[in-house]
Amino acid sequence: MSLEDSPKEECGVVGIVAPGRHVARLAYFALHALQHRGQESAGIAVADAGHVMVQRDLGLVSTVFTEPGLRGLQGDSAIGHVRYSTTGGNRWENAQPVVRNRGRAVVAVAHNGNLTNTEDLRSMVDTHGEPLLATTDSELMAAVLAAQEGSLLDAACAVMPHLVGAYSVVCLTETETVAFRDPHGVRPLVIGRLEDGWCVASETCALDQIGAAFEREVRPGEAVRITATGVESRQALPPGASRMCVFENIYFARPDTLLGGRNVWLQRQRMGAELARCAPADADLVVGLPDSGTPAAIGFARESGIPYGEAVVRNRYVGRSFIQPDQELRREGVKLKFNPLREVIEGRRLVVVDDSIVRGTTTKQVVQLLRDAGAAEVHMRISSPPVAWPCFYGIDMPDRAELIAAQHPIDEVADLTGCTSLAYLPLDALQRALETPLEGFCHACFSGDYPIPVPSGTRKLRLEREPDPARA
Ligand code: AMP
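Residues numbered from 1 in each chain as written. Predicted model: local features only at pLDDT ≥ 70, side-chain atom pairs only at ≥ 80, totals over all residues. Heavy atoms only, no water.

1. Section: the domain arrangement of the chain
By a widely used convention, the size of an interface equals the accessible area lost when the partners come together. What the domain assignment reports for the chain is domain 1 (8-243) and domain 2 (263-450). Domain 1 puts 18 residues into the contact, and the matching count from domain 2 is 14 residues. Summed over both sides, the interface between domain 1 and domain 2 buries roughly 1300 Å², with carbon and sulfur atoms accounting for 50% of that surface. When residues of domain 1 are sorted by the area they lose upon contact with domain 2, Glu10, Arg187 and Arg243 head the list and together hold 38% of the total. We note a salt bridge from Arg243 to Asp449, for which the minimum N-O separation is 3.5 Å. Here domain 1 is connected to domain 2 by six residue pairs in polar contact (both at pLDDT 80 or more). Of the residues contributing to the side of domain 1 that touches domain 2, the split by class is four nonpolar, nine polar and five charged. (Domains from an automatic or database assignment. Contact = heavy atoms within 4.5 Å. Buried area = accessible area lost by both parts, 1.4 Å probe. Salt bridge = Lys/Arg side-chain N within 4 Å of Asp/Glu carboxyl O. Polar contact = N/O pair within 3.5 Å; in protein donor to acceptor, adjacent residues only side chain to side chain. Nonpolar A, V, L, I, M, F, W, Y, C, P; charged D, E, K, R; others polar.)

2. Regarding the sheet that holds strand β23 (residues 421-424)
Spatially, the five strands line up as an open sheet ordered β18-β17-β21-β22-β23, and their pairing is parallel. Each of the sheet's edge strands pairs with one partner strand only, and the pair in question is β18 (308-309) and β23. Judged from the four bridges that link them, strand β17 (residues 285-288) and strand β21 (residues 349-354) form a sheet pairing that is parallel. Looking at β21, one finds that Val287 is bridged to Val352. Relative to β17, helix α10 (residues 294-304) is tilted by about 160°, and along the sheet it contacts β17, β18, β21 and β22 (377-382). Across the face of the sheet, helix α14 (residues 361-372) comes into contact with β21 and β22 while running at roughly 150° to β22. (Pairing = 2+ DSSP bridges. Helix = DSSP H or I, 4+ residues; strand = E, 2+ residues; numbered from the N terminus. Axes fitted to C-alpha atoms, helices over the stretch in contact; angles between N-to-C directions.)

3. Details of the nonpolar core
Here is a general trend for soluble globular proteins: nonpolar side chains tend to be buried in one another's company. Membership of the largest hydrophobic core comes to 49 residues, with the highest contact counts inside it found for Phe247, Val286, Val353, Tyr393, Leu430 and Phe446. Contributions of two or more residues to this core are made by β14 (244-245), α8 (246-252), α9 (264-278), α10, β21, α17 (427-434), β24 (441-442) and α18 (444-447). Excluding anything up to four places from it in sequence, Tyr393 contacts Gly113, Asn114, Thr116, Ala166, Val186, Arg187, Cys442, Tyr450, Pro451, Ile452 and Val454. Counting 31 residues, the second largest nonpolar core, distinct from the first, contains Val64, Phe65, Val190 and Ile210. (Core = buried A, V, L, I, M, F, W, Y, C linked by side-chain atoms within 4.5 Å. Buried < 20%, exposed > 50% of the residue type's maximum accessible area, 1.4 Å probe, protein only.)

4. Focus on the site of the ligand
The environment of the ligand is formed by 16 residues, the closest being Asp354, Asp355, Arg359, Gly360 and Thr362. In the model, an oxygen atom of the ligand is placed 3.3 Å from a nitrogen or oxygen of the Ser292 side chain. One nitrogen or oxygen atom from the main chain of Asp396 is found 3.2 Å from a nitrogen atom belonging to the ligand. Here the ligand loses 86% of its free accessible area of 490 Å² to cover by the protein chains. When contributions to the shell around the ligand are tallied by element, the ones reaching two or more residues are α8 and α14. By residue class, the composition of the shell around the ligand is six nonpolar, five polar and five charged. (Near = heavy atom within 4 Å. Areas by Shrake-Rupley, 256 points an atom, 1.4 Å probe, with all protein chains shown as cover.)

5. Details of the sheet that holds strand β7 (residues 165-172)
Read across the open sheet, the six strands follow the order β5-β6-β7-β8-β12-β13; overall the sheet is antiparallel. Here the strands that pair on one side only, and so sit at the sheet edges, are β5 (98-102) and β13 (231-235). Strand-to-strand twist of the sheet, defined as the mean angle between neighbouring strand axes without regard to direction, takes the value 20°. Sheet topology note: the β7/strand β8 (residues 177-181) ladder contains five bridges and is antiparallel. When the sheet's bridge partners are listed, Leu172 is paired in β8 with Thr177. The strands touched by helix α5 (residues 137-146) are β5, β6 (105-115), β7 and β8; relative to β6, the strand with the most contacts, the crossing angle is about 135°.

6. A closer look at the confidence of the model for the chain
Mean pLDDT for the chain: 90, with 90% of residues reaching 70 or above. Contacts of residues 1-7 to residues separated by more than four positions or lying in other chains number 26 contacts, the stretch itself having pLDDT below 50. Long-range and interchain partners of residues 467-472, a stretch whose pLDDT sits below 50, account for six contacts in this model, where long-range means more than four residues apart. (pLDDT = per-residue confidence, 0-100.)

7. A short note on unusual backbone geometry
Here the amide bond leading from Gln96 into Pro97 is cis, since omega sits at 5°, within 30 degrees of zero. Within the fold, Pro97 resides in the loop between β4 (77-83) and β5. The omega torsion of the bond from Pro290 to Asp291 falls at -5°, within 30 degrees of zero and hence cis. Along the chain, Asp291 turns up in the loop between β17 and α10.

8. Regarding the packing of α9 against α10
As a packed pair, α9 and α10 sit with axes 6 Å apart at the nearest point and diverge in direction by 45°. Here α10 runs oblique to α9, going by the angle between their axes. The element α9 and its partner α10 pack so that their crossing is right-handed. Only Thr294, Pro295, Ala296, Ile298, Gly299, Phe300, Arg302, Glu303 and Ser304 of α10 make contact with α9, whose side of the interface consists of Trp265, Arg268, Gln269, Gly272, Ala273, Leu275, Ala276 and Arg277. (Parallel < 35°, antiparallel > 145°, perpendicular 65-115°, else oblique. Left-handed = near helix turned anticlockwise from the far one by under 90°.)

9. Structural notes on the packing of aromatic side chains
With the rule as written, the count across this model stands at eight aromatic pairs. Where Tyr28 meets Phe65, the ring centres are 6.0 Å apart and the plane angle is 85°; that geometry is what we call edge-to-face. In this pair, Tyr28 sits in helix α1 (residues 23-33) while Phe65 sits in the loop between α2 (61-64) and α3 (67-72), placing the two residues 37 residues apart along the sequence. What makes Tyr28 buried here is its relative accessible area of 13%. On the basis of relative accessible area, Phe65 is assigned to the buried category, the value being 4%. Ring centres of Phe247 and Phe446 lie 6.3 Å apart, and the angle between their planes is 50°; this geometry places the pair in the tilted category. (Phe/Tyr/Trp six-rings, centres within 6.5 Å; stacked < 30°, edge-to-face > 60°.)

This is the structure:
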C-alpha cells in the first residue's frame, strides 16, 4: 500500500470507562460533539470482562446508531470513532474501530492521524500476525498491537517506537482501555474525569457533552490506561518537541474546545483582530463565512470599527453527502451551502473573512455569489497564512500542484478568485493570536517545515511541480 492510495484520516476519537453507566450511550453523545472531525463513518466498540462488540457503518453518528442498536452495546468500557476520508477511502471496511484477534482475545482500535511508515509496519505484521484485509494505516496499527504479548498498555508501549507519523489512538480489549499519542502530539487528545469513571477524547467539547471535567492532555509520547478509578501513565517515548497541528486552532477543532488550555474561539477572534491590523480595508460591513470564518470576522470587525453582519445564510444540513449532486449543481457547489442575503449585500463594500484558502474553489464561488447579489466590493481576508504545502499528518491538504497559493502569488490568487483585494494572516501575526510560540506547532502546510519524516518517494510525488521561484 502506498500512502498515495491510503485514505487520509481526519478523525475524532473517544474512550470511556465507567462501569454501571451505559458507556455506549456516552460514547454516542461524545461522538456527536466530534462530528465535525469526520462525517463519513462512525463506530463504537464496547467491552465487558468477556466480550468486545463493535458497531460501525458509513454515515453520520445519528444515522449509524439507533436506539435498539445502542441498547445492545452493553459493557463497562467503550471506544468510538468518527472518520473523514478523502477520495477512495470511503468504504465500509475502513470504518473504525478496527477489530483484530489477539490470541484468544480481541483488540479494537480507533485512530486519528496518519502514519508515514506504513511499508515498515506492514513487514512487521507479515512476520508476526494474520493477513490484513483493509487498507488503512489504522488497521496496520491494530495488527501490530495485536501481535504484541502482555497487557494492552505493554503492547502500546512496545509498538509506539515503531510508529512514525501523527497518531492519537484509543484502543480496548475485554479487560483494558488504553490511549496513546505520538511524541510530537500532532493531533489533540485529552483526558476527562466523570463522576463515576474516566475518559479520553479528541477535544474538550466532547468532555463537556458527557459531563466530564477536563483533567489534562495526554502528553506527547505518553500511553495511558484508563480505569474506573483513574489513569495509569507511562511515558513510552521521550517527548519530542510538541508540534500540535496549528490548523486545528485555525479551522479543524470546534471553537468551544480548549487546545493547549486555550479557548479556540478566542484565538480565532484574535486572528481576525490581527488581520484587521495587518490588512485593513475600507468597507461598509465585515462578514464571516459561517461557521469557520465567524469568530475571526467578529475579531476583524471589533478591531477595525466596521460593523459586523451576515451576508449569507448557511444550510446546516448539507454535509459530506453520499448522494452526489449532478454536474450542473456541483459546478455551483457553494450554492448548496450558502444563500446570499441580497438585501444586506446590495451596493455595499464587504470585508469577507474565511479561515483558509486551499484550492481556491470556495473563495472563487463565494466572491461570484456575493457579486451576483450586488456587492460593490469584496475584500477577502483570510485568517491563516497561504496554504502552500501538503499535509502528511492527517489533514486533507492536497498536492502542491492543487494548492492555489503554491502555484500563484497573492495578486494572481486575487485575480483568479475575482475579489477586489485579498490578504492573508502572516505567520508572526498568527503566533500573536495564538499567544503561544509557533515552535510548539506543526505549521508545515504554511512553511514546508515538516517535523516528522515523510517517505521520500511519497514526498517527492506530493511536492512535485514546484512553483516558479520568481512567482512564489
Ligand atoms: P478550497 O475551496 O479548496 O479553497 O477550501 C477552502 C475552504 O474549505 C475554506 O472555506 C475552509 O473553511 C475549508 N477547509 C479548509 N481546510 C479544509 C480541510 N482540510 N477539509 C475540509 N475543509 C477545509
